[in-house]
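Reading the structure
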Amino acid sequence: MRLSYTTYRLKCIHPFGISRSSYDYYDRVFIYLEQDGFIGRGEAAPSERYNESIPQILEILKSHITLPKNVTNIDEIIEIFDRHTINIKSFRSACLNALFDWWTQQNNIPLHEYYNYSSTISQPTSFTIAIGNINELEKKIEEAKEYKILKVKLGTSQDKEIISIIRKYTDKPIRVDANEGWDLETAIKMTEWLSDKNIELIEQPLPADDIGKMGELKNHSSLPLIADENCRTAIDIEKLVKGFDGINIKLAKCGGVDEALRMIETAKQYNLKVMFGCMVESSIGITALGQLASQAEYLDLDGNLMIKNDPYNGLRIVNGFPVLPEDKGLGLSLKYDYQNEFPE
Ligand SMILES: [Mg+2]
C-alpha cells in the first residue's frame, strides 16, 4: 500500500470568525492510500484549540510511515497508524478515513453500508453565520436561504445585536455557538434572553475549564446545552451529564470513525443527544462524517460550504438535507478544474 500526501489551503468565502479567532484560510493535509487501483482519501484538519498543527503532521509524514506492500487486514494498518499519529487526533482521523475509503471501495460498498447504517439522512444541516462585519449579516442570511437552520457564532460584545439583526430577516431556528466565550453570569443572562427567540440549542457557553459551573447554568437554562470543547472523546462524556444535554462529535477532534462510534454509544448510555459537527474542511472530511450521519440528532455538516475552492464532490445538500453519494467508499470524485492538482 502506498501512502502519499499533500497540503492544501482552503480559502474561506467570508472570514471565519468565532469567539477566539478569525481566519481567511485554513491549511489541511490530504492523505492518499493506494493499492490495487483504488485510492482512499482522508483529510487532516488540525485545530489550534487542541494544540494540533500542520507542521506536527508533516514532520511525521516526512519521517516515512512504512506500510506493508499488500494490505489484506486493515486492523494491522490501524495499529501502524496508532503508533505514528501519536496523539494527533486530526491526523489519525485522516489516516483512518483514507483507509476505510480504500477498504470499502475495494469491497464495492459505500462506507455507511460497512457500518450497516442507512444512506438516508433525515436531519437537515445547519449553516454557520460566523463572527464578522455585522453589516454583512443581511447578505449572509440571503446566502443561507437554502438551509433550514442557522448556526450563529456568538461570544462577542455584540451578541444581542447580532441575534436581533438576524431576527429582522428570518425566523428560522438558530443554534447558538458561544465557543467558550461567556462567563457564567453572561451565560445565565443570555440563555434567558435567547429563550423566546426560536433558539434550538446553545453550544459550549463556558470555557471548558469551567465545567464545574455548567450544572448551575443548566438549572437556569430552558434551552438544551451541547458540549463541544468540553467533549473531545468518549472518556469525557460521563462528567458532562450534570451540565449538558448533548455532545458535539467531530472526527478531527475525536481521532476517527471508531472513536466517533464509541462516543455515540456512550452518549446513548447517558441519555445525551448527539450532534455531528466539523471543522472548516473540504468534501473529503465532511463526506466521511456524513457516512455516519443517520446516527445523529443534530447535524452541522457545513465546513465545505464555507470555502470557495473545494476540490472534491461528495456529500451534497438538497433542500437543506445532506445527501450521500451513491458510489462505493466515501463516494468522492475530483472536480474537473482540479484534475491536475490531485491523484484523483
Ligand atoms: Mg462548536
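Higher on the page you've got the structure.
To keep things clear, this report deals only with the structure shown in the data block. As the structure is a prediction and not an experimental result, all values here were calculated from the model. (Residues numbered from 1 in each chain as written. Predicted model: local features only at pLDDT ≥ 70, side-chain atom pairs only at ≥ 80, totals over all residues. Heavy atoms only, no water.)

1. Notes on the overall build of the chain
Using the following cut-off: Counting from the N terminus, the helices are the DSSP runs of H or I reaching at least four residues and the strands are the DSSP runs of E reaching at least two. Relative accessibility under 20% of the residue-type maximum defines a buried residue, over 50% an exposed one, and the middle range a partly exposed one, all with a 1.4 Å probe and only protein chains included. Contacts: residue pairs with any heavy atoms within 4.5 Å of one another. Only the protein chains shown count as cover for residues, with accessible areas throughout obtained via the Shrake-Rupley method and a probe of 1.4 Å. Under the convention used here, Asp and Glu are negative, Lys and Arg are positive, and both His and the chain ends fall outside the count. Taken as the charge location is NZ of Lys, CZ of Arg, CG of Asp or CD of Glu.
Secondary structure assignment for the chain yields eleven helices and 15 strands. The principal-axis extent of the C-alpha atoms belonging to the chain is close to 60 × 40 × 35 Å. Burial statistics for the chain: of 344 residues in total, 59% are counted as buried. When contacts within the chain are restricted to residue pairs at least 6 apart in sequence, those whose partners lie at least 24 apart make up 66%. Of the roughly 14,800 Å² of accessible surface on the chain, 45% is carried by carbon and sulfur atoms. Within the chain, the 51 negative side-chain charges are centred at a point lying 2 Å from the centre of the 39 positive side-chain charges.

2. Let's talk about unusual backbone geometry
Positive phi, normally seen in glycine, also occurs at N108, with a value near 60°. Residue position: N108 is located in the loop between α3 (89-106) and α4 (111-114). Here N108 falls in the exposed class, since its relative accessible area comes to 55%.

3. Describing the packing of helix α6 (residues 159-169) against helix α7 (residues 184-194)
Applied cut-off: Angles here are taken between N-to-C directions and fall from 0 to 180 degrees, while the axes themselves are lines fitted to C-alpha atoms, restricted in helices to the stretch in contact. For classification purposes, angles smaller than 35 degrees are called roughly parallel, those larger than 145 roughly antiparallel, those between 65 and 115 roughly perpendicular, and all remaining angles oblique. With the far helix as reference, a near helix turned anticlockwise by less than a right angle produces a left-handed crossing, and one turned clockwise produces a right-handed crossing. Amino acid classes used here: Ala, Val, Leu, Ile, Met, Phe, Trp, Tyr, Cys and Pro are nonpolar; Asp, Glu, Lys and Arg are charged; the rest, including Gly, are polar.
Between α6 and α7, the shortest axis-to-axis distance is 12 Å and the interhelical angle comes to 15°. By the angle between their axes, α6 is roughly parallel relative to α7. Both α6 and α7 take part in a crossing whose hand is right-handed. Contacts between α6 and α7 involve D159, K160, I163 and S164 from the former and M190, W193 and L194 from the latter. Grouping the amino acids of the contact of α6 with α7 by side-chain chemistry returns four nonpolar, one polar and two charged.

4. Observations regarding the coordination of the magnesium ion
Let me state the cut-off plainly: Each metal's donors are the N, O and S atoms found within 2.8 Å of it, except that Na, K and Ca use a 3.2 Å limit; water is left out, so coordination can look incomplete.
Around the magnesium ion, the donor atoms from the protein are D177 (OD), E203 (OE) and D228 (OD), and they sit 2.0 to 2.3 Å away. Sequence positions of the donors to the magnesium ion reduce to the motif D-x25-E-x24-D. Note that D177 is positioned in strand β6 (residues 174-177) and D228 in the loop between β8 (225-227) and β9 (246-249), a separation of 51 residues in sequence. Judged by relative accessible area, D177 falls into the buried class, the value being 0%.

5. Side note on the state of the cysteines
In protein chemistry, a disulfide is the covalent bond that joins the sulfur atoms of two cysteines. Heads up, the rule is: Whenever a pair of cysteine sulfur atoms sits within 2.5 Å, that pair is classed as a disulfide.
Counted according to the given criterion, the structure contains zero disulfides. Sulfur of C231: no disulfide; nearest cysteine sulfur belongs to C254 and is 9.1 Å away. The exposure class of C254 is buried, given its relative accessible area of 3%.

6. Points about the sheet that holds strand β10 (residues 273-276)
Condition: A strand pair is defined by DSSP finding two or more bridges across the two strands.
Read across the sheet, eight strands follow the order β4-β5-β6-β7-β8-β9-β10-β11 without closing on themselves; strand pairing throughout is parallel. Every interior strand has two partners, whereas the edge strands, β4 (126-129) and β11 (298-299), have only one. Relative to β11, β10 runs parallel, the two being bridged by two bridges. Directly across from M275, in β11, lies its bridge partner Y298. Here helix α10 (residues 257-269) sits on the sheet and contacts β9 and β10; the angle it forms with β9, its principal contact strand, is near 175°.

7. With respect to the packing of aromatic side chains
Test applied: Two rings from Phe, Tyr or Trp (for Trp, the six-membered ring) form a pair when their centres are within 6.5 Å of each other. A pair whose planes differ by under 30 degrees is stacked, one over 60 is edge-to-face, and the rest are tilted.
Per the stated rule, a full pass over the model turns up 13 aromatic pairs. On the basis of an interplanar angle of 70° and a centroid distance of 6.5 Å, the ring pair of F16 and Y26 is categorised as edge-to-face. One end of the pair, F16, is in strand β1 (residues 2-18); the other, Y26, is in strand β2 (residues 21-35), with ten residues separating them in the sequence. Residue F16 shares its accessibility class with Y26, and that shared class is buried. Measuring from centroid to centroid gives 4.5 Å for F127 and Y147, while their planes differ by 10°, and the two rings are stacked. Residue F127 is located in strand β4, and its partner Y147 is located in the loop between α5 (137-143) and β5 (149-153); the two are separated by 20 residues in the primary sequence. Taken as a pair, F127 and Y147 share a single burial class, namely buried. An aromatic cluster is present here, built from Y8, F30, Y312 and F342 joined pairwise through their rings.

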